[in-house]
Every structure is written in C-alpha cells, then in structure tokens.
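# Breakdown of the fold
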Amino acid sequence: MGAFLLKRLVSNVLLVAIAASMAYFLAATSLNPRANYEGRQPPVAESVVDATLEQYNLNDKTPVFERYVTWVSGVVTGDLGETWGGKSINDEMGRRIGVSLRLLLVGTLVGSAVGVTVGAYAAVKQYRLSDRVIGVSAFVIMAIPVFVLATMLTLVAVGINDTLGFTLLEYTGEYNPALSGWDQFTNRLNHLILPTISLALGQIAFYSRIQRNMMLDVLGQDFVRTARAKGLSRRTALFKHALRTSLIPAATYFAFAFGTLLTGATFTEKIFGWHGMGAWLVDSIHTHDVNAVAAVSLFAAVCVLVAGFLSDVIVAALDPRVRVS
Amino acid sequence: MRSKVTLARLARNPQARYGLIALVLLLALAYVGPFFGPYDWTDKDFTSFLSPPSADHWWGTTQIGQDVYAVTLRGMQKSIVIGFLVALFSTGLAALVGAFAGYFGGWVDKALMWVTDLLLVLPSFLIIAIISPRLKGASWLWFVVLLGAFSWMITSRVVRSMTLSLREREFVLAARYMGIPGWKIILRHVVPNLSSLLIIDATINVSAAIIGEAALSFFGFGVQPPDVSLGTLIAAGSDKVTGYPWLFLFPAGLLVLLVLSVNLIGDGLRDALDPGSNK
C-alpha cells in the first residue's frame, strides 16, 4: 500500500512538473508582455523596456529556455517571480486564494449539502410528483451555463433593487470599503449571496442527480432490508445505513469539484467582480503576464492532483471495504 | 436487427422525442429563419441603435444597428457547426486512442495513457486561452481542433477498458489468427462494437462543445470578430444586460434550448441503447 502510494505520488509530481513547464513554454512564447509598454505617450525608450522586462524575467529577447531555467530555479525555492507590474506573485496569489476560498467554501458546501439532500429525498419519493419536479428542474439547470445563470441573477437583482427603490442585493465586488465593523460584515455576506447561488445551483442539480441514482441502487439492497428487519425504524435505516453508503460517489465528486473550482470559478468571479484565482486566470492572459499565467497553471495542476488524492482519502473513510484491502 | 430495436425504443422514449423535435425546430430556425427576416446579418440600420424588439426589428438592434434576429441566427449556425465538428473530432480521437491503447497494450498503452493523464492535468481552458491570441486571423477550424483536443480523455479511458475485454473475444481472436493487421481489427471489429457508447458520448460532446465554445468566446478567447457565435453575442449582451436585456436574452435563451434539446436526445439514446433498460 505504501509503495503504491509513493509510486503514485512520484508520477503525480512528475505530471505536475511537466504540465507546468508546458504551460510556461506556451505562455512565454505566445504572450507578449512588451505590448504593455507600447503605444504609451510619451513613448518609453526601448532600452528602458528591455531593462524592466529583464528585471522581471519577461524579456522576449532572452532565449525562452534561459528564461525557463530562471523561472524554474525560482519556483523550486518557492518564489513564483513577479508580475509585469513588478509585484510579487507569491503575495498576490496568497491574497487571491483567500478570496476564492471564501467564495468557494460557502458555495460548494451549500451546493453539495442541498444537492445531496434533494437527491436523497427524490430517491425516497421515487416517481412521485416531487421526484419528477426535482428531476426536470435539475435537468434544465444543468443545461444553463454558469455565465448565463450569473448574468440572469444580476438582471433579477437589478430588477428587485429597482422596484424596491434601494439596494437589497449587491451584485459587484466583495465588500463596500466605506463601511466598517458589523456593517461591513453584513455587507460582505450580502455580496456573497448572488455568487454563492450561481455557484451552488449547478452543483445542486449535479449532486441531486448522482445522489438519487446511488440512493436508488442502495435502497434495493439486502443490508437495508436487514436493517429494517432487525427492528430499526425507517428513518434510522435510511439515514444510518442507506445514506452513508450512497454518499461515496458524491463525496468523490465533492473533493474533485472543490479542487478544480479553485480556478474554475472564473465566470462567477469575473461577472460578480471578485478578484480571485479564477479571475486572475483571465486577467493575466489579457495583460500578457507570463509569470502570473505560469503560476496559475501550476496552481491549477497541483489542485487537480490534490483533489484526486483527497477524494481517495474520503472514499477510504466512508467505505470500509477500501480500508480493509 | 439491433438498430431497428434501438430506433423503435428511441421513438417510444418521450425524452428523446421531445429533444429531437426541439433540435429539428432549432436547426430550422438557424438555417431557414434568416430567409424570413427583413434584414441580413451584415446589414446595419443607422436609423435605430439599441432599439427594443419591434415589428421592424423582431428582436431589437445592437449599438451599431445590427438586427439582433439576423445576427443571433448567424451566431447560432456557427455554434451548431462547431458543436457537431468538435463532437465528431473528439469522440473519434477518443475511440482511436482508447482502442489502440487497449488492443496493443505494452508500451503503446503506457505512452498513450500517459499523454491522456497529462492532458487531464493541464487546465484546458487556460491552454486554449493562451493559444488563442495566435489564432487571430486564422481559420475558426483551428478552434474546433483545440476544443476537440481537450475533450476526449475520459472517454478514451472508458474505451480502453472496454477494448481490454473485447480483445479476448472469439471474433477478434479469429480475425487475428487469420493474419489481419491490428489497425484493421481495431477499425473493423473493436470500434463498431463500442458504437453505442460512442454514439452517446458524441451526443453529450455536442452540448459540451457548444457550452465550451460559448464559455471561451465569452472572454474573447474563442470565435473572433467579425465572425459571431452565440458565445460572442452573449458576451456582448451581458455587458449591457441591465439596460438592454434583449441583446442578452435571445442568444442566451437559444443556447440553453440548444443544449437542453441535445441533452434530452443523449439521455433518450442512453435509455434506448442500454440493454439493461426495459422502458
């Protein structure tokens, strides 16, 4: 078991290294940081631009392999380099991960908890009206891309705010810096409402579908009947025996979704004006910021692998059969 | 005949029926609709900018006087074409890679699966976004290739594991003992036996590709102007959604309907092709 895990870890680290290197080469050869200094009034002297780019390891006149070596030697020691504006990427990344986490933690928790509950409920009420309503709405919601959903939410929020005459729902940014103390806390919560809904709705639909299928599989099995036969109430049999076993796939997806969403909440972050990792992904490409792009890809690759590992651990925790073997 | 049974099941499946009807209607709207509209998608009406839907401009106009009806249908055509091409490309690639890896085994299998893993780890959105500045001015077909290249990995793993069991079946062994080369066995005997999986996968890939195209175009990484797609239209419309909702609602609504109808067909196909279901 230990040898297997170690082998997997080594191959995973190798995959991350190769993925990040490929992303760096792609970014370094495709993007053009020089464009950020061009067309300024008064024009910046080329030697000045060269010197600045050189300082940040962005100069396209240096061979790309040389820049790569500089970048890698920085990354190995934990320094991800500087943005084209000269800011430390480590600091920026730390701040942005915080922003993304705040958004995601609530979004994924609400999404998975509600989704699993709804799915389990639909399974217990199979073929009744409530099951059908849940099934159809999940199907429709899953066909709506998140950027359409988020834009619709802002439209609704604006409509509500207009009819009420004051701002009930906030739809841009993380908080209002003018406020302080308790007011700012509630203001932050208000800013969270719409992005959380836009993140959670799709997940609710997704989790409810897999949870319903799993629950139906489990409900027909012998151990649930045994649990009922030994005198457990229907409620206890459902919660203690059926739900726990049927949670395994949802838990696997949960770990995976959390990892990939750290950079995958791009649309939600961009549309609602949150400056997290997802938004950085788009912004850094638009500003030709090679080092930032490389940092985001490295982070995304690490996230995917950590998420895969995490889902293994969760499955082991929930499924006794995996632990024994 | 198996295909006849499948078709009969498909026709009896209400989901698939509604999905198919909706898709045919949407296709008709995209390709026949423009002939009925009073304006061409390249026309600009300089007497009305950002005007709401009216008898003259059915779905309103944009800020440069384009007819939203004509432009949206034009974008829808592009989205549909991209969706189908990407699905064809990625499912074909998945079938070939998975079947070759599973059939030949050994180092071929190791190498192909390693590439698959690598592509799964690479954030595809980011890679396409980085490459896209290079594609400015190039054909949009490159975009199809890019989208397809990043959406085949999971299916190819499934195909591989199914090929592993197919490889030992009598008809494949018989073909091998007759001296037929491996690539021919894969194309003639292995891939056709996976057709139900591949058909379902291709259908799901259509809707995934339509959403993927729209998502990339939303940030300007996809279809480039002057070409339009549902994604570029939604992106342009979402900036002005609070004041001029028709710019956003029509393309977004059509996108959702398109994806929904394709998904319905995919779900119906799954029921019809799955021998375990008796519906």
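Keep in mind the model is a prediction, meaning the values are calculated, not measured. (Residues numbered from 1 in each chain as written. Chains lettered and ligands numbered in written order. Predicted model: local features only at pLDDT ≥ 70, side-chain atom pairs only at ≥ 80, totals over all residues. Heavy atoms only, no water.)

### Focus: the UniProt feature "transmembrane region" (unreviewed entry) in chain A
Residues and elements named next belong to chain A. Listed under "transmembrane region" (unreviewed entry) in the UniProt record, and renumbered for this structure, are residues 9–27, 103–124, 136–160, 189–207, 250–272 and 292–318. From the first C-alpha to the last, residues 103–124 spans 32 Å; its make-up is 100% helix and 0% strand. Between the C-alpha atoms that bound residues 136–160 there is a distance of 27 Å. The span itself is 88% helix and 0% strand. (UniProt positions renumbered as here; feature names shortened; annotations may be inferred. Helix = DSSP H or I, 4+ residues; strand = E, 2+ residues; numbered from the N terminus.)

### Describing the packing of aromatic side chains
Counted under the stated rule, the structure contains 17 aromatic pairs over all chains. Where F267(A) meets F218(B), the ring centres are 5.8 Å apart and the plane angle is 65°; that geometry is what we call edge-to-face. Linking F267(A) in helix α11 (residues 266–271) with F218(B) in helix α11 (residues 195–218), this pair reaches from one chain into another. One exposure class covers both F267(A) and F218(B), and it is buried. Following the ring pairs from residue to residue traces out a cluster consisting of Y24(A), F25(A), F65(A), Y68(A) and W71(A). (Phe/Tyr/Trp six-rings, centres within 6.5 Å; stacked < 30°, edge-to-face > 60°. Buried < 20%, exposed > 50% of the residue type's maximum accessible area, 1.4 Å probe, protein only.)

### Details of the nonpolar core
With 122 residues, the main nonpolar core has F147(A), V148(A), M76(B), F218(B), I234(B), L255(B) and L258(B) as its most contacted residues. With 16 residues, helix α13 (residues 246–273) of chain B is the single largest residue contributor to this core. Setting aside anything within four residues of it in sequence, one finds M76(B) in contact with L26(B), A30(B), L230(B), L254(B) and L258(B). If you look at the next biggest cluster of nonpolar residues, it comprises 13 residues, including A99(B), Y103(B), V191(B) and L194(B). (Core = buried A, V, L, I, M, F, W, Y, C linked by side-chain atoms within 4.5 Å. Contact = heavy atoms within 4.5 Å.)

### Thoughts on unusual backbone geometry
Residue and element names in this part refer to chain A. We note that Y127 has phi near 65°; this positive angle belongs to a residue other than glycine. Checked against the element boundaries, Y127 lands in the loop between α4 (89–124) and α5 (129–142). Judged by relative accessible area, which is 59%, Y127 ranks as exposed. For H288, which is not glycine, the phi dihedral falls at a positive 55°. Structurally, H288 is set in the loop between α12 (277–286) and α13 (290–318).

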